[in-house]
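# Structural features, examined
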Amino acid sequence: MLGKLISCVIVPGAAVLLPACSGIMGGIYDDPLEETVAGYGFVEASDGVRPGSIYIDATDYTRWTYIDFSAMRIDTLHVSDPTPAEWDIAIHRYDVKTNGGSACATGATGFDSPLLTPGDMSPDVWTTQTIVTDMSTMMDGYLSYVESWYSPVVSQWLDVDKSTMPPVYTLSGKVYVVRTADGRHVALRLADYMNTAGVKGYMTIEYLYPFHP
Amino acid sequence: MRATAITICAACACTAAAQTASLTDAQLDSLERAWARELNTVVVTGTRTPKLLKDSPILTRVISEADIRKADATNISDLLQTELPGIEFSYSMNQQVNLNMQGFGGNSVLFLVDGERLAGETLDNVDYNRLNLAGAGRIEIVKGGASALYGSNAVGGVVNIISSESADPWRLNLNARYGAHNEQRYGAALSLNRGRVSSSTTAQFHHIDSYDMDGPGDYTRFYGGYNWSVKERLTWTPVDRLKLIARAGYYFRQRNAQAASRDRYRDLSAGLRGIYTFSPASDLELCYGFDEYDKSDYLRLSGRDVRKYSNVQNSLRAIFNHTFGGRHILTAGADVMHDYLQSYQFADGGVKEQTTADVLAQFDMNFTDRLNIIAGGRYDYFSEAGMQHLSARLSTKYTLGRVNLRGCYSGGFRAPTLKEMYMDFDMAGIFMIYGNPELKPESSHNFQLSAEYTRNLLNFNVGGFCNLVDNRITTAWNQALGGQMYTNIGRVNIAGLDANLSWRHRCGAGTRLSYIYTHEHVRHGEPYTASTRPHTATMRFDYTRRWGGYGLTAALSGRVLSAVTVDEYTSLTDYSDTEKVHYPAYTMWKLNVSQTVLQGLTVTLSVDNLFNYVPKYYYNNSPTTNGITFAAGVSVDIEEFFKKK
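Note that this is a predicted model, so its numbers are computed, not measured.

## Some points on the overall build of chain B
- Counting its secondary structure elements, chain B contains six helices and 39 strands.
- Taking 645 residues into account, the globule formula puts the C-alpha radius of gyration at 26 Å, and chain B, at 24 Å, falls close to it.
- Counting the 645 residues in chain B, one finds 41% classified as buried.
- The long-range share in chain B, meaning contacts at least 24 apart out of those at least 6 apart in sequence, stands at 59%.

This is the structure we're talking about:
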């Protein structure tokens, strides 16, 4: 009886009396930008002098995002799918691989830096326990991986320290140089790994192509 | 309530005068007067009406303003750990602070500021950094269930931070403190009294750098950051019978856990309280409170500050007191609260709301000067869960010479929160955490017996407690859902012993020793998953003296926590098996030396972790220390410079 009285009289009355129910600080925050599929891809093209930028959704553990700098083409495919005919690098979460190329880190943190000179180039390595495709099996005591080529050099663009929960993410800020199998060069830097809502796995990559070392 | 307060204060003055007269035949020095004031502190938390500490049937621990100064603490967690045994603040995931108070977690201990609830929580704990001690007059701690007065969450105890009040025409205190890891604290407090209007304004800023721990552990780096807050309380007494109190406060904290983002926490609170005195025997208090606690991520690369959590509480309260025959007090009241929660832990960052309402009554019966009995009950209703709960309490105090005997039964409960009912959170792709709308309220039956002996400058109390907790709410692995889900678990029994000794000598030396034994009982064959340390003690030895214009206060305070071995679910399997984990004992000591070198100017030097304890492994419940540290502070009471010598 008392419960009915409260629910029928006091609760609606309180709702009328209390106008600030949803708070009054909302105006001081930024709203996340609305994202559309059209927003992904080559956002700004590089002409080899000025850097461009690429924005991709790499949140899915089961997909590689393939980037072809010559054709400015991006394909996102399942890890079990055959690779595209033409591509230069591919990204899975924060992991990177090249298409038979090699890579090095530079001392530069910007594309106009005099330190932007390639050093010793390292080829990809074959990995069996790096590319995680399913985190949910962690509760069963293991992680699911897919075998793949992997560039340990470029993948250092983001350090993920998993010794604590949640992991601590640290961007290297460095510019990396990738030499493709046919001898072209691209300089690239991971500028951000989150979208405007703070969701991780959305990668903003700045690049310079063609890059002439 | 004001009339009651006036009566009590007058009684305090008379009682204090009578006591002090019996203490010595000679004139009492200021130290003894201060001690007498401590014994006759008026407390409100245990009964919601003003009552002398020594007369309250609810055993209440008070941390006075002087104790707060001696502890040199920045926020409530620093202070409680220093002053009270049985309290441990540790880290949970993401280095969020987690309370354990004699076997009860942060969501089972109700924190209040001037009797008002706080919005917002992180991993079941309020933001303890928000509870800084700027402007705090005293802290009242009532252990055991108190839901008959305060409703949900008062399962294991109530901690009430009460603002200081000044009768001086004006006071202005400025203070600063600098310590290890670039720790900086700056504070200001201004109080004004002009006729029927008074104002109290406080502000505090605190900063500390991040730093690495000197060894391996569950955490290897302390996340630094800064916070600041400002609070205003304005009191207007337009007529003798009516007192109006308006308050407002803002709090901001930033934590540096990630390089590319900053964790931000904000709180905006305000309220208006009116107290009308019908007669010396009757008064009515009406109160409106607003509290909004937000969390956001500041994305440094994009410069965007994106909110991910907002808890807004609006509350209305009415409390009526009437004194019968000059000694029996009836308290009756009702609250209505609207709770709004938007959270990243709900599906699509959604919103959930609920309204809670309650009625309460309490009768404080003083049959003789020796016997006091309080009986009370409270009925709570929660709209979203469609849940009702009735809480009861019966307390009694009998005075036998210098001994006070207290006995208390109190009921406690905690309603499932909106988070616990509706969570739908993907834990980094590893597993989901699901809420459970079918949760039952957590409830407890708390029994306490204690004896208190007071003679001149000595106070000793010893007591036993037993808590029978049913339907404790926690998360458990749900095989069908393939994730964690909030659920009720079976009965947990927590029992123990509590002993406290306070003593002060006329020479200025004093000590306070406190010890608690806590035992959490689990059924035979079940894992012991509680992390409550069975033996804990706190100690303080202090010395206060004035020589003309020079004053000295030295306080050595320490805490001792015993080892505990617990069973923890291991990630090596699917969290169905346990492994033994041993948390070592440790002790921490702090030395504060405050010198008043000029009238109104006090310099404080502190040595923390005096015996240079460094954990071999930093468990989440290890102290965040790399060894001994030093700090220095200065406090200036500006009004003292204008007082005639």
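## Brief notes about the interface of chain B and chain A
- Contact residues are listed per partner, giving 43 residues for chain B and 40 residues for chain A.
- For the side of chain B that touches chain A, the secondary-structure elements that each account for two or more residues are strand S17 (261–279), strand S18 (282–299), strand S19 (304–324), strand S20 (328–343), strand S21 (351–366) and strand S22 (371–382) of chain B.
- Here the side of chain B that touches chain A gets eight residues from one element, more than from any other, and that element is S19 of chain B.
- Here the residues of the side of chain B that touches chain A sort into 21 nonpolar, 14 polar and eight charged.

## A closer look at the pairing of strand S30 (residues 483–488) of chain B
All names here are of chain B.
- Of the strand pairs in this sheet, strand S26 (residues 431–434) and S30 are connected by two bridges, and their pairing is parallel. By the bridge assignment, Tyr-434 is partnered in S30 with Met-485.
- Relative to S30, strand S29 (residues 473–478) runs antiparallel, the two being bridged by six bridges. Counterpart to Trp-477 in the pairing with S30 is Gln-484.

## Examining the sheet that holds strand S4 (residues 73–78) of chain A
Residues and elements named next belong to chain A.
- Spatial ordering of the open sheet is given by S4-S3-S5-S6, a layout of four strands whose pairing is antiparallel. The two strands at the open ends of the sheet, each matched to only one other strand, are S4 and strand S6 (95–98). In this sheet, adjacent strand axes meet at a mean angle of 20 degrees when their direction is disregarded.
- With four bridges connecting them, strand S5 (residues 89–92) and S6 associate as antiparallel partners. In the sheet register, Ile-89 faces S6, and the bridge partner there is Thr-98.

## Description of the sheet that holds strand S6 (residues 104–105) of chain B
Residues and elements named next belong to chain B.
- Strand order in the open sheet formed by three strands is S4-S5-S6, and the pairing between neighbours is antiparallel. The open sheet has two edge strands, strand S4 (87–92) and S6, and neither has a second partner.
- Examined bridge by bridge, S4 and strand S5 (residues 96–101) share six bridges and lie antiparallel to one another. Bridge pairing links Ser-92 to Gln-96 in S5.

## Remarks on the environment of Pro-441 of chain B
Residues and elements named next belong to chain B.
- When you line up the elements, Pro-441 lands in the loop between S26 and strand S27 (442–455).
- Each C-alpha atom of the pair Pro-441 and Arg-472 lies 7.8 Å from the other, and the pair is 31 residues apart in sequence.
- Apart from the residues within four sequence positions on either side, Pro-441 is in contact with Met-387, His-389, Phe-413, Arg-414, Ala-415, Pro-416 and Asn-471.

## Let's talk about the environment of Ala-585 of chain B
Residue and element names in this part refer to chain B.
- Note that Ala-585 resides in the loop between strand S36 (578–583) and strand S37 (586–598).
- Overall, the presence of 12 C-beta atoms within 10 Å leaves Ala-585 in the exposed class.
- The spacing of Ala-585 and Phe-363 is 222 residues in sequence and 44 Å in space, taken between C-alpha atoms.
- In contact with Ala-585, not counting residues within four places along its chain, are Leu-561, Ser-562 and Ala-563.

## As for unusual backbone geometry
- For the peptide bond that leads from Tyr-209 of chain A to Pro-210 of chain A, omega is -5 degrees, which places it in the cis range.
- Tracing the sequence through the fold places Pro-210 of chain A in the segment after strand S15 (200–208).
- Backbone geometry places Asn-153 of chain B, a non-glycine residue, at a positive phi of 85 degrees.
- With respect to the element layout, Asn-153 of chain B can be found in the loop between helix H5 (147–150) and strand S9 (157–163).
- Look at Asn-153 of chain B and you get buried, because 25 C-beta atoms sit within 10 Å.
- In this structure, Asn-456 of chain B is a non-glycine residue whose phi angle is positive, near 50 degrees.
- Within the secondary structure layout, Asn-456 of chain B lies in the loop between S27 and strand S28 (458–470).
- Judged by local crowding, Asn-456 of chain B falls into the partly exposed class, with 17 C-beta atoms found within 10 Å.

## Re the confidence of the model for chain B
Residue and element names in this part refer to chain B.
- With 92% of its residues at a pLDDT of 70 or more, chain B has an overall mean of 90.
- Looking across chain B, the model is least confident in helix H1 (residues 2–23), with a mean pLDDT of 39, and most confident in strand S16 (residues 242–255), with 98.
- This stretch, residues 1–28, has a pLDDT under 50; its non-local contacts, to residues over four places away or in other chains, come to 43 contacts.
- Model confidence for the complex: the whole-complex pTM is 0.91, and ipTM, which rates the interface, is 0.85.

Rules used throughout
- Residues numbered from 1 in each chain as written.
- Chains lettered and ligands numbered in written order.
- Predicted model: local features only at pLDDT ≥ 70, side-chain atom pairs only at ≥ 80, totals over all residues.
- Helix = DSSP H or I, 4+ residues; strand = E, 2+ residues; numbered from the N terminus.
- Rg over C-alpha atoms; globule rule 2.2 N^0.38 Å.
- Buried ≥ 20, exposed ≤ 12 C-beta atoms within 10 Å, placed from the backbone.
- Contact = placed C-beta atoms within 7 Å.
- Nonpolar A, V, L, I, M, F, W, Y, C, P; charged D, E, K, R; others polar.
- Pairing = 2+ DSSP bridges.
- Axes fitted to C-alpha atoms, helices over the stretch in contact; angles between N-to-C directions.
- pLDDT = per-residue confidence, 0-100.

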